Amino acid sequence: MTVLRKVARPLLASMFVSGGFNAVRDPQRLVPAAVPVTDVLSSAVAPRTSLLPEDPERLVRLNGAVQLGAGLLLALGRAPRLASAALAATLVPTTLAAHRYWTVEDPEERAAQRIHFLKNASLFGGLLIAAADTHGKPSLAYRTRRAAAHASDAVTHRTHTAVDRVGDATGGAVDSVTGAVEAAAQASAVSPDRRPPSRLSRPDRLCATARTARPWDHSVTLAMKADRFATVRRIFSSRVSDSCSRAPIPASFLPRT
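We now turn to the structure provided with this report. (Residues numbered from 1 in each chain as written. Predicted model: local features only at pLDDT ≥ 70, side-chain atom pairs only at ≥ 80, totals over all residues. Heavy atoms only, no water.)

**Describing the nonpolar core**
Okay, so step 1: Formed by Leu12, Ala13, Phe16, Ala70, Leu74, Ala83, Leu87, Ala88, Leu91, Leu123, Leu127 and Ala130, the largest nonpolar core amounts to twelve residues.
Okay, so step 2: The set of elements that each furnish at least two residues to this core consists of helix 1 (2-25), helix 3 (56-76), helix 4 (80-98) and helix 5 (107-132).
Okay, so step 3: Here this core takes four residues from helix 4, the largest share from any one element.
Okay, so step 4: The contacts of Ala130, once residues within four sequence positions are left out, are Leu12, Arg81 and Ser84.
Okay, so step 5: Within the second largest apolar cluster, six residues are counted, among which are Ala23, Val31, Val60 and Ala97. (Core = buried A, V, L, I, M, F, W, Y, C linked by side-chain atoms within 4.5 Å. Buried < 20%, exposed > 50% of the residue type's maximum accessible area, 1.4 Å probe, protein only. Helix = DSSP H or I, 4+ residues; strand = E, 2+ residues; numbered from the N terminus. Contact = heavy atoms within 4.5 Å.)

**Details of unusual backbone geometry**
Okay, so step 1: You will see that Ala79, though not glycine, has its phi angle at about 50 degrees, which is positive.
Okay, so step 2: On the secondary structure map, Ala79 appears in the loop between helix 3 and helix 4.
Okay, so step 3: When its relative accessible area of 45% is taken as the criterion, Ala79 is described as partly exposed.

**A word on the packing of aromatic side chains**
Okay, so step 1: Across all of its chains, the model carries three aromatic pairs by this definition.
Okay, so step 2: Measuring from centroid to centroid gives 5.2 Å for Tyr101 and Trp102, while their planes differ by 80 degrees, and the two rings are edge-to-face.
Okay, so step 3: Residue class for Tyr101 comes out partly exposed when judged on its relative accessible area of 23%.
Okay, so step 4: Ring centres of Tyr101 and Phe117 lie 5.5 Å apart, and the angle between their planes is 65 degrees; this geometry places the pair in the edge-to-face category. Note that Tyr101 is positioned in the loop between helix 4 and helix 5 and Phe117 in helix 5, a separation of 16 residues in sequence.
Okay, so step 5: Since its relative accessible area comes to 22%, Phe117 is described here as partly exposed. (Phe/Tyr/Trp six-rings, centres within 6.5 Å; stacked < 30°, edge-to-face > 60°.)

Quick look at the structure:
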């Protein structure tokens, strides 16, 4: 397809390059035929803009310059779509000015002008096809729609991400507040036996520890046994010392003199 385009574009542009060069060099020859069209253009466009000249000769030369420049661009493959669209735009007034076959009285001349009119209509169709040819690349409309779709998807994704982050942060805050409230409620409902060990005496602390300890916690069991043994020993020693101090000493235990 690349070779075909390189051959077809110069062939399509050849007539416009030749006709545009002749119109730029000698516009006086084409003015009589172009006057009906230039008068209509001047009356329709001149009140709206001052860029378009009102002189028929200047209009013919301007049309030829556009055909020459756009034809060269199309032949060289530079901006072919834009060049084809410009040539198609200049072909309409050229055809209406030079090949008005319906105004010709002579049948042979009318037939010849009809052929030229249809030839230019065929060229106009070929230029429209060349203007729509993207050379295997996506068209501007397709790229615009695709870019808009990508932008919409990106905005939707970012919106969903932001909503998810806000939801996660809100959920974490709610969980933290709920956990704090539950911990405060449990702390206010704790029994006296589960008070902190630092506020209890040693026997009470051992009892509270025994109630909350696991059955296999041998260190707690040994501590309780050692504490009970020391208590019993202390009580027994105090009672024995008291009874011994109050009882009389037998004579056999007294030393002999």
